Amino acid sequence: MSHTDNASPVRAGARVAIIGGGPGGYEAATVAARMGAHVTLIEARGVGGSAVLTDVVPSKTLIATSEQTHDTQLAGALGIQVGDVHIDMARVNERVRDLARTQSDDIRAALQGLGVRVIDGRATVAPGLAGDGRRRIHVECSDTSKESLAADIVLLATGARPRELPAATPDGHRILTWTQLYHLDELPGHLIVVGSGVTGAEFAGAYRTLGAQVTLVSSRDRILPGEDADAAEIIERVFEERGMRIERHSRAMSVRSDDDGVVVTLDDGRMVEGTHCLMAVGAIPNTAGLGLEEAGVEMTESGHIRVDRVSRTTSYRVYAAGDCTGVLPLASVAAQQGRIAMWHALGDSLDPLNPEDVASAVFTSPEVATVGTSEAAAEAAGLTIRVARLPLARNPRAKMQGVSDGFVKIIASTAGVVIGGVVVGPHASDLIFPLTLAVRRRMTVDELSAASTIYPSISGTIAEVARILH
Ligand SMILES: Cc1cc2nc3c(=O)[nH]c(=O)nc-3n(C[C@H](O)[C@H](O)[C@H](O)COP(=O)(O)OP(=O)(O)OC[C@H]3O[C@@H](n4cnc5c(N)ncnc54)[C@H](O)[C@@H]3O)c2cc1C
């Protein structure tokens, strides 16, 4: 990609306009304000963005309830007698919505405490620079007033929204996107989840644990097609053991709803009947209608904003972060891209984003957490690698806790450098951290295994796998 020179530093006192208040936007605002810039953040729906209002925070809060339910179901095996578990879905979702709202308010207060001006409204970018060398941002404020801001630096962090299929239009009652799930007052009798990527798998698992009958419709031969194959196999097995039905090689062609339920028609003509349908078929970036093309911001074929590893777009001093860039659809990556953009624009030192160092998790039960190069990617790239894996069922702490599903896998170069890792198990999203450090610092398996681990602990298995690769 070609760049005009975005690199010359604009230090303290610069005017920064940030469009979008999700993790990409609010983390950037925090960094820029701390560096002494005059920061305005414009957000159309609520500070915290989709991450806080509809995606990460509500889904993980719901999953916290399902985890607790799962632990209760396991209690008998540990000698605890628990009575019937009843899920009060109205209360669960009230808690979910309250937590999201509070988190949004907390972020707004923190930003305002740093001197960031928050405008509730929808922003567009004016083409070209004004006579003063600054870019104009036009805002239609929520109170119907209009405003124009002058900015030295612009950050686009407008996120993405659920993709909708024409023959399966969400009605908000029975055919739902993930943003509409949190108003259900009762547990669905039979939830059909269309899409078996991370979002589909997380909700399918959570609702099954909460007691709903669940059918998961996957267009592929397995669920979680983007994840480590061994991890996906465990999740599939566990899902089926818990009574979930998985329709493989099945594409949903249409979804109809009436007063009583939904009917999902698959590409082979079969019909699946349920009470509700969750559409989890991906997301599309919020990049249309912002004036971006006219402002010289280049887009990819998928409608994402083209950025480099320091979050620069192709337009002068216009940066972009998060899901609107399509780099990696993770809140953690959005936040890092936002920080990097501000460090770069305001002249601080920084490490460009390296997607290889990024850890990600699937919050199923058990969780799947991954970092670095996957086995599949290494094989596709023709790399010679060494891989070792141990099941958690052998780990003493896991035995004590009644945990049997899961493993630790380490992928190393032939020289013994840790290049990737996978943890499947309870709290895998926390346990992946030592492997993330190892990948980031290019540690060898010997260096990793030399660090002391607690006995008994699940992390002991991480060191043990590293020792196998010695
Ligand atoms: C169900 C689900 C669960 C997820 N769980 C996780 C997880 O556990 N961990 C994780 O790391 N990631 C998770 N993700 C991904 C994560 O939600 C996104 O990567 C993250 O929200 C991206 O942040 P962002 O700042 O790019 O945009 P968003 O959070 O989407 O925020 C963008 C904001 O920009 C605003 N906006 C758009 N256009 C304009 C405009 N013109 N003017 C003003 N404002 C505008 C929008 O209103 C929105 O609030 C999950 C996603 C989903 C769907």
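Residues numbered from 1 in each chain as written. Predicted model: local features only at pLDDT ≥ 70, side-chain atom pairs only at ≥ 80, totals over all residues. Heavy atoms only, no water.

Visitor: Looking at this structure, I do not really get a nonpolar patch on the surface. What am I missing?
Guide: On the surface, a nonpolar cluster with roughly 340 Å² of combined accessible area is contributed by Leu-78, Ile-80, Val-82 and Val-85. Position of Val-85 among the secondary structure elements: in the loop between helix H3 (56-74) and helix H4 (89-113). (Patch = residues over 30% accessible without salt bridge, like charges linked within 9 Å, V, L, I, M, F, W, Y side chains within 5 Å. Areas by Shrake-Rupley, 256 points an atom, 1.4 Å probe, with all protein chains shown as cover. Salt bridge = Lys/Arg side-chain N within 4 Å of Asp/Glu carboxyl O. Helix = DSSP H or I, 4+ residues; strand = E, 2+ residues; numbered from the N terminus.)

Visitor: Could you clarify how one ought to interpret the pattern of salt bridges in this entry?
Guide: Opposite charge on two side chains permits pairing when their charged atoms draw close. In total, this model carries 26 salt bridges according to the counting rule given. Linking Asp-230 and Lys-409 is a salt bridge whose minimum nitrogen-to-oxygen distance equals 2.7 Å. Taken together, the residues span a long stretch of sequence, with Asp-230 in helix H6 (residues 229-241) and Lys-409 in strand E21 (residues 407-413) at a distance of 179 residues. Judged by its relative accessible area of 22%, Asp-230 falls in the partly exposed class. Counted as one network, the salt bridges with shared partners bring together Asp-228, Asp-230, Glu-375, Arg-389 and Lys-409. (Buried < 20%, exposed > 50% of the residue type's maximum accessible area, 1.4 Å probe, protein only.)

Visitor: Can you walk me through helix H5 (residues 198-210) in this structure?
Guide: For H5, built from 13 residues, the straight-helix expectation of 18 Å at 1.5 Å per residue is met to within 8% by its first-to-last C-alpha distance of 18 Å. Of all the 13 residues making up H5, ten are buried; the element is thus mostly covered by neighbouring parts of the structure. When H5 is considered as a whole, its buried residues turn out to be Gly-200, Ala-201, Glu-202, Phe-203, Ala-204, Gly-205, Ala-206, Tyr-207, Thr-209 and Leu-210. (Expected span 1.5 Å × (residues − 1).)

Visitor: Any chance you could explain the pairing of strand E5 (residues 146-151) here in plain terms?
Guide: The side chains of a regular strand alternate, residue by residue, between the two faces of the sheet. Here strand E4 (residues 135-141) runs beside E5; their pairing, made up of six bridges, is antiparallel. Within the sheet, the bridge partner assigned to Arg-136 lies in E5 and is Ala-150. Here E4 folds back onto E5, and the loop between the two strands holds four residues, one of which, Thr-144, carries a positive phi near 75°. (Pairing = 2+ DSSP bridges.)

Visitor: When you look at the nonpolar core in this model, what are you seeing that I'm missing?
Guide: Generally speaking, a soluble globular protein has its nonpolar side chains buried in company with each other. Counting residues in hydrophobic clusters, the biggest one holds 38 residues, and the most contacted among them are Leu-62, Leu-181, Phe-203, Tyr-207, Val-214, Leu-216 and Phe-239. Not counting chain neighbours up to four residues away, the residues in contact with Tyr-207 comprise Leu-62, Met-89, Leu-181, Leu-184, Leu-187, Pro-188, Leu-191, Ala-212 and Val-214. (Core = buried A, V, L, I, M, F, W, Y, C linked by side-chain atoms within 4.5 Å. Contact = heavy atoms within 4.5 Å.)

Visitor: Quick question: what am I supposed to make of helix H1 (residues 23-34) here?
Guide: Since the α-helix packs 3.6 residues into each turn, any two residues three or four apart lie on the same face. When the terminal C-alpha atoms of H1 are compared, their 16 Å separation across twelve residues agrees well with the 16 Å that a helix rising 1.5 Å per residue should span. For H1, the tally of buried residues reaches ten of twelve residues, placing the bulk of the element in the interior. By the burial criterion, the buried members of H1 are Pro-23, Gly-24, Gly-25, Tyr-26, Ala-28, Ala-29, Thr-30, Val-31, Ala-32 and Ala-33. On the buried face of H1, the contacting elements are strand E1 (15-19), strand E2 (38-43), helix H2 (49-53), H4, strand E6 (153-156) and helix H7 (331-345). Once H1 ends, the next one or two residues include Gly-36, with phi positive near 95°.

Visitor: I'm lost on the packing of aromatic side chains in this one. Help?
Guide: We describe a pair of aromatic rings using the distance from one ring centre to the other and the angle between the two ring planes. By the definition in use, this model includes zero aromatic pairs. Its guanidinium or amino end placed over the ring of Phe-407, Arg-389 lies 5.0 Å from that ring's centre, counting from NZ or CZ. (Phe/Tyr/Trp six-rings, centres within 6.5 Å; stacked < 30°, edge-to-face > 60°. Lys NZ or Arg CZ within 6 Å of the ring centre and 35° of its normal.)

Visitor: Can you walk me through the pairing of E1 in this structure?
Guide: Burial within E1 is extensive, with four of its five residues counted as buried. Pairing of E1 with E2, which is carried by five bridges, proceeds in the parallel orientation. Paired with Ala-17 across the strands is Thr-40, a residue of E2.

Visitor: Mind showing me how you'd approach the confidence of the model for the chain here?
Guide: Interpretation of this model should avoid reading the predicted coordinates in detail wherever pLDDT is low. Scored by pLDDT, the chain has a mean of 96; 97% of the residues are at 70 or more. Taken as a whole, residues 1-9 scores under 50 in pLDDT and shows 30 contacts with residues more than four places along the chain or in a different chain. (pLDDT = per-residue confidence, 0-100.)

Visitor: Whenever I open this one, the site of the ligand confuses me. Can you help?
Guide: With respect to spatial proximity, 36 residues lie near the ligand, and among them Gly-24, Glu-43, Lys-60, Asp-323 and Ala-331 are the closest. At a separation of 3.0 Å, a nitrogen atom of the ligand approaches a polar side-chain atom of Lys-60. Contact between the ligand and Pro-329: an oxygen atom at 3.5 Å from a main-chain N or O atom of the residue. For the ligand, the accessible surface in isolation is 1000 Å², of which the surrounding protein chains cover 92%. When contributions to the shell around the ligand are tallied by element, the ones reaching two or more residues are H1, E2, H2, H3, strand E3 (117-129), H5 and H7. Along the lines of polarity and charge, the residues of the shell around the ligand split into 17 nonpolar, 13 polar and six charged. (Near = heavy atom within 4 Å. Polar contact = N/O pair within 3.5 Å; in protein donor to acceptor, adjacent residues only side chain to side chain. Nonpolar A, V, L, I, M, F, W, Y, C, P; charged D, E, K, R; others polar.)

Visitor: How should I be thinking about the packing of H1 against H7 in this particular structure?
Guide: To describe two helices that pack against each other, one gives the angle between their axes and the distance between the axes. Taken N-terminus to C-terminus, the directions of H1 and H7 make an angle of 35°; their axes are 7 Å apart at the nearest point. Along this stretch, H1 crosses H7, giving a crossing that reads as right-handed. Contacts between H1 and H7 involve Pro-23, Gly-24, Glu-27, Ala-28, Val-31 and Ala-32 on the former and, on the latter, Ala-331, Ala-334, Ala-335, Gly-338, Arg-339, Met-342 and Trp-343. Taken together, the residues that form the contact of H1 with H7 break down as nine nonpolar, two polar and two charged. (Axes fitted to C-alpha atoms, helices over the stretch in contact; angles between N-to-C directions. Left-handed = near helix turned anticlockwise from the far one by under 90°.)

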